[in-house]
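For reference, the chains in residue letters:
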Amino acid sequence: MTKTRIAAVDVGNDALKANFGKMEHEVYIPNVVAQDFEDRPVIGIEELDKKEVLDNIHIRVHSPALEENNVIYRVGNLATKTNNSTELDPGSSKAEEDQTLIMLFASLALDAVENGVFSMKNKVIDANYTLGTGLPLREVKEGKDVGYRSQLLGSVHQVEFLVTPHHQGKKVNIKFDEVKVYPEGFAAYVNLIMDNDLKVINKDLIDKQILIQDIGGLSTDIAVIRNRNVDDDKAQGFNLGVSESLEQIREEIRTKHGVELDSRRDVVDIITRKNDRHHIMVKGSRTSVHDITDHILLELAKKEYRFLRNVWAKNSQSEICYFVGGGSAVLKDYLKALNNKLDGFNIDFFEDEQESIWMMANAYYKLITDFVNKHAKQEKEEKEAVKAKAK
């Protein structure tokens, strides 16, 4: 029987977060790609294997699911160093973007070459995965999850590592034994009520009507959870996330201070880091950009708060709203201040920013693990029933 490995992958608009196997391997890659040439110039090529793999992902991707096939890419941190890098644009659909698939395949290929589970022959690895991933509620409501899943199943997707430390010349053929695509709002709910061993940890939440506002890079989803399920009719998705505001901050910093930041990821770091928050270096001097970040983020927080107010008005029996996603980590202080000044809703955030950022990947891990366990149990029972019948 072919070995299959669990993969729980959240292709977020800011970054990809993924858990593999029994959570013994995790991958975090900024969601930035740039088309490139096969022989990218490297200073000190003989020192390549001393460099960090995640800072030097250079791959060729072949897949029938891609519109632009057999193209070479820099991925993640390496892509931010070019002037032709691309991040997902506002209004784009995660399920229909090549970039989503490139990021997904890159993370799986990295896991395949590093986990030691799959055997390699002539620098080629055949890797089988059981994938748990997700899409914004809005896209699931539009039925885009069906097309996304079918693109992945039934085909072989190949990633070839080019000028990448330790993995140059290796090829990974990726096949999916199963793909489960979950609505992001429901995934967040699962993460709230279950631990990694699939045990219920927040029993008091199970039968409550709650809201989950997931603020991403390109969109905001508000899930209404009642009777332990997402209420599809009440759930709402909005084409607004933090990406446009991050670009605006980046542009104002460039205009005012002459400093060119590589990507939105750099802006997020300036806003959320523990030390020297809202500061950059200008000509070697530590300089505050709080005036820029403050007015832009406050305006975005006001829009996000209006979404909450409107959805709560239509779901007045909701008991609490949880803010999740990378955008919530960026806007947390502004949303709290607005709520204290205005309506005083019962809202909550995850004080551990990493927990909020990794919430979707962790939720997909729980959901896909639960699916695998139930499937294995069902197969076992069926085999036992056949044996008993034969006797």
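Described in the following lines is the structure provided in the data block. (Residues numbered from 1 in each chain as written. Predicted model: local features only at pLDDT ≥ 70, side-chain atom pairs only at ≥ 80, totals over all residues. Heavy atoms only, no water.)

Some points on the nonpolar core
As a reminder of what qualifies: Buried residues of nine kinds, namely Ala, Val, Leu, Ile, Met, Phe, Trp, Tyr and Cys, make up a nonpolar core once their side-chain atoms join them within 4.5 Å. Partly exposed describes any residue whose relative accessible area lies between the buried limit of under 20% and the exposed limit of over 50%, with all areas from a 1.4 Å probe on protein chains only and scaled to the type maximum. Each helix is a run of H or I in the DSSP string that is no shorter than four residues. Each strand is a run of E no shorter than two, and both are numbered from the N terminus. Whether two residues touch is decided by their heavy atoms; if any such pair falls within 4.5 Å, the residues are in contact.
Ranked by size, the top nonpolar core spans 45 residues in total, and within it Val75, Leu104, Phe105, Tyr129, Leu152, Val172 and Phe176 carry the most contacts. Among the elements that line this core, the one with the most residues is helix α1 (residues 98-114), at 11 residues. Not counting the four nearest positions on each side in its chain, Val172 is found in contact with Ala109, Ala112, Val113, Ile125, Ala127, His157, Gln158, Val159 and Phe161. If you look at the next biggest cluster of nonpolar residues, it comprises 39 residues, including Leu261, Ile270, Val282 and Ile296.

Overview of the environment of Phe345
Along the chain, Phe345 turns up in the loop between α9 (326-341) and β18 (347-348). Remark: the alpha-carbon pair of Phe345 and Arg309, spanning 36 residues in sequence, is separated by 8.8 Å. If we ignore the near neighbours within four places in the chain, the residues touching Phe345 are Tyr305, Leu308, Arg309, Trp312 and Asn339.

As for the pairing of strand β3 (residues 25-30)
Heads up, the rule is: Being paired, for any two strands, means DSSP has found at least two bridges between them.
Across 6 bridges, the pairing between strand β2 (residues 15-20) and β3 is antiparallel. Across the sheet, residue Ala15 finds its bridge partner in β3, namely Pro30. Hairpin connection between β2 and β3: a loop of 4 residues separates the two successive antiparallel strands, and Gly21 in this loop has a positive phi of roughly 60°.

What to know about α1
What counts, and what does not: Residue count minus one, scaled by 1.5 Å, sets the expected span of a helix.
Here α1 is 17 residues long and its end C-alpha atoms lie 24 Å apart, about the 24 Å a rise of 1.5 Å per residue gives. Buried residues dominate α1, accounting for 16 of its 17 residues. Following α1 by one or two positions, Gly116 has its phi on the positive side, about 75°.

Focus: the pattern of salt bridges
The line we're drawing: Think of a salt bridge as a Lys or Arg side-chain nitrogen and an Asp or Glu carboxyl oxygen that are within 4 Å of each other.
Throughout the structure, instances matching the rule amount to 20 salt bridges. The shortest N-O distance in the salt bridge between Arg60 and Glu160 comes to 3.1 Å. Of this pair, Arg60 sits in strand β5 (residues 57-62) while Glu160 sits in strand β9 (residues 157-161), and the two are 100 residues apart along the sequence. For Glu160, a relative accessible area of 14% corresponds to the buried category. Between Arg254 and Glu251 there is a salt bridge whose closest N-O contact spans 2.6 Å. Of this pair, Arg254 and Glu251 are both found in helix α6 (residues 243-257), 3 residues apart, which corresponds to roughly one turn of the helix.

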